Amino acid sequence: MSAWRFAEMLVNGLEVEVDVDRRLVEETLLPALDEAAARPRTSRRAFVFLVGPPGVGKSTLAAVLADASAARPTPTAVDVVGIDGFHLPQRHLESHHLRTSRGTVPLSSVKGAPETFDVEGLAQHLAASADQDVVWPTYDRRVHDVVAGTHPLSADLVVVEGNWLLLDEPGWRDLADHAHYVVLLTADPALLRDRLVERKVRGGLSPAQAEDFYERSDRLNVQRVMGSSDFSKVDLTLVVQADGSIQQGEM
């Protein structure tokens, strides 16, 4: 079956071209959304958590899901939001510090780690969004900062994507109570490394700077996501292959 091309999708402020296997979309992903929407709930909205390590393609896949769902003969509205909108502002990250094994460093040097997020704000938005049309912040990779109040919710089915949604640590572990269905997207660490370095170069860093950031931040975040998340809550596991295709897999 031919690939489904989504050309020039805007993801986190960057245009990307995406090829997605039509069978995966129609036979696995869209039925997963339907199952999430059909599960019993007391709130107006159903939340699908799309979880995985940095660089695996969560934001892109979430955007594909929303577009594919809207393109069905009987369209289903799906909103997509991400936890990157809850990064602490860049000025805060530059002026506050974190103790690490390498000494005290500015939060900006480990941007993307759980400590660089406003998890309380994220929890409040999830709780309020269960029944209200709350406006969510977004993250723009062109300006490398949060843009407040840019994404109003309207659909009754919402995909929430992020690295830390299943993190089994204080402040984070209760977020999964909001999920009606959980998808894990993962990949080989070597593939993630290449993607993360390329993403930083595309964002304006030199190759050497991108490599350095990967070693001091992204690599540790990949390990933390895969080693400290509660994957017992996962309903569907997807694995990104070396050629960029996605297959259903197991943890």
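Scroll up for the structure.
**A few points about the overall build of the chain**
Thinking step 1. Looking only at helices and strands, the chain features six helices and 12 strands.
Thinking step 2. The C-alpha radius of gyration computed for the chain amounts to 17 Å, which stays within 12% of the reference 18 Å derived for 251 residues, consistent with globular compactness.
Thinking step 3. Across its three principal directions, the C-alpha atoms of the chain cover 55 × 40 × 30 Å.
Thinking step 4. Across the chain, the fraction of contacts at a sequence separation of at least 24, relative to all contacts at a separation of at least 6, is 69%.
Thinking step 5. For the chain, the exposed surface amounts to about 12,000 Å²; the carbon and sulfur share of it is 48%.
Thinking step 6. Seen as two clouds, the 25 positive and the 37 negative side-chain charges of the chain have centres 3 Å apart.

**A few points about helix α4 (residues 119–129)**
Thinking step 1. Restricting attention to buried positions, one finds in α4 the residues Val119, Gly121, Leu122, Leu126 and Ser129. For α4, the buried positions fall inside an angular range of 160° around the axis, keeping them on one side. Relative to its buried face, α4 has exposed residues pointing more than 90 degrees away, namely Glu120 and Gln124.
Thinking step 2. Buried positions along α4 lie against β3 (46–51), β7 (135–140) and β9 (157–162).

**Considering the sheet that holds strand β10 (residues 181–187)**
Thinking step 1. One open sheet holds the six strands; their spatial order is β4-β9-β3-β10-β11-β12, and the pairing between them is mixed. Either end of the sheet is taken by a strand with one partner, and the two such strands are β4 (79–82) and β12 (246–249). Taken over all neighbouring pairs, the strand axes of this sheet differ in orientation by 25° on average, direction set aside.
Thinking step 2. Bridging between β10 and strand β11 (residues 236–240) involves five bridges; their strand directions are parallel. Note on β11: the bridge partner recorded for alanine 187 is valine 240.

**A short note on the nonpolar core**
Thinking step 1. Residues Leu29, Leu33, Val48, Val159 and Leu238 are the most contacted members of the largest nonpolar core, which totals 36 residues.
Thinking step 2. Listed by contribution, the elements that provide at least two residues to this core are α1 (22–38), β3, α2 (58–70), β9, β10, α5 (189–202), α6 (207–228) and β11.
Thinking step 3. The element best represented in this core is α1, accounting for seven residues.
Thinking step 4. The residues contacting leucine 29, other than those within four sequence positions of it, are Leu24, Leu61, Leu65, Leu236 and Leu238.
Thinking step 5. Listed in part, the 29 residues of the second largest apolar core include Phe47, Val134, Leu167 and Val225.

**Concerning the environment of lysine 233**
Thinking step 1. Here lysine 233 shows up in the loop between α6 and β11.
Thinking step 2. As for lysine 233 and leucine 157, which are separated by 76 residues in sequence, their C-alpha atoms are 19 Å apart.
Thinking step 3. With residues up to four places along the chain from it excluded, the contact list for lysine 233 reads Leu166, Ala176 and Val182.

**Overview of the pattern of salt bridges**
Thinking step 1. Inspection of the entire model under this criterion finds 16 salt bridges.
Thinking step 2. The salt bridge involving arginine 23 is made with glutamate 27; its shortest N-O contact spans 3.7 Å. Of this pair, arginine 23 and glutamate 27 both sit in helix α1, four residues apart, which is roughly one turn of that helix.
Thinking step 3. Accessibility expressed as a relative area gives 42% for arginine 23, which makes it partly exposed.
Thinking step 4. Between aspartate 34 and arginine 72 there is a salt bridge; the shortest N-O distance is 3.0 Å. Of this pair, aspartate 34 sits in helix α1 while arginine 72 sits in the loop between α2 and β4, placing them 38 residues apart in sequence.
Thinking step 5. The class for aspartate 34 is partly exposed, based on a relative accessible area of 38%.
Thinking step 6. Its relative accessible area of 17% is what places arginine 72 among the buried residues.

**Here we look at the packing of aromatic side chains**
Thinking step 1. Overall, the coordinates contain two aromatic pairs when judged by the stated rule.
Thinking step 2. With a centroid separation of 5.4 Å and 85° between ring planes, the pair formed by phenylalanine 86 and tryptophan 136 is classed as edge-to-face. One end of the pair, phenylalanine 86, is in the loop between β4 and α3 (90–95); the other, tryptophan 136, is in strand β7, and 50 residues separate them in sequence. Comparing phenylalanine 86 with tryptophan 136 shows no difference in burial state: the two are buried.
Thinking step 3. Measuring from ring centre to ring centre gives 5.9 Å for phenylalanine 117 and tryptophan 172, while their planes differ by 85°; the resulting arrangement is edge-to-face.

**A look at the side chain of asparagine 221**
Thinking step 1. One can find asparagine 221 in helix α6.
Thinking step 2. Look at asparagine 221 and you get buried, because its relative accessible area is 5%.
Thinking step 3. With residues up to four places along the chain from it excluded, the contact list for asparagine 221 reads Pro54, Lys111, Gly112, Ala113 and Trp164.

Rules used in this analysis
- Residues numbered from 1 in each chain as written.
- Predicted model: local features only at pLDDT ≥ 70, side-chain atom pairs only at ≥ 80, totals over all residues.
- Heavy atoms only, no water.
- Helix = DSSP H or I, 4+ residues; strand = E, 2+ residues; numbered from the N terminus.
- Rg over C-alpha atoms; globule rule 2.2 N^0.38 Å.
- Contact = heavy atoms within 4.5 Å.
- Areas by Shrake-Rupley, 256 points an atom, 1.4 Å probe, with all protein chains shown as cover.
- Lys, Arg positive; Asp, Glu negative; His and termini not counted.
- Charge placed at Lys NZ, Arg CZ, Asp CG, Glu CD.
- Buried < 20%, exposed > 50% of the residue type's maximum accessible area, 1.4 Å probe, protein only.
- Arc of directions from axis to C-beta.
- Pairing = 2+ DSSP bridges.
- Axes fitted to C-alpha atoms, helices over the stretch in contact; angles between N-to-C directions.
- Core = buried A, V, L, I, M, F, W, Y, C linked by side-chain atoms within 4.5 Å.
- Salt bridge = Lys/Arg side-chain N within 4 Å of Asp/Glu carboxyl O.
- Phe/Tyr/Trp six-rings, centres within 6.5 Å; stacked < 30°, edge-to-face > 60°.

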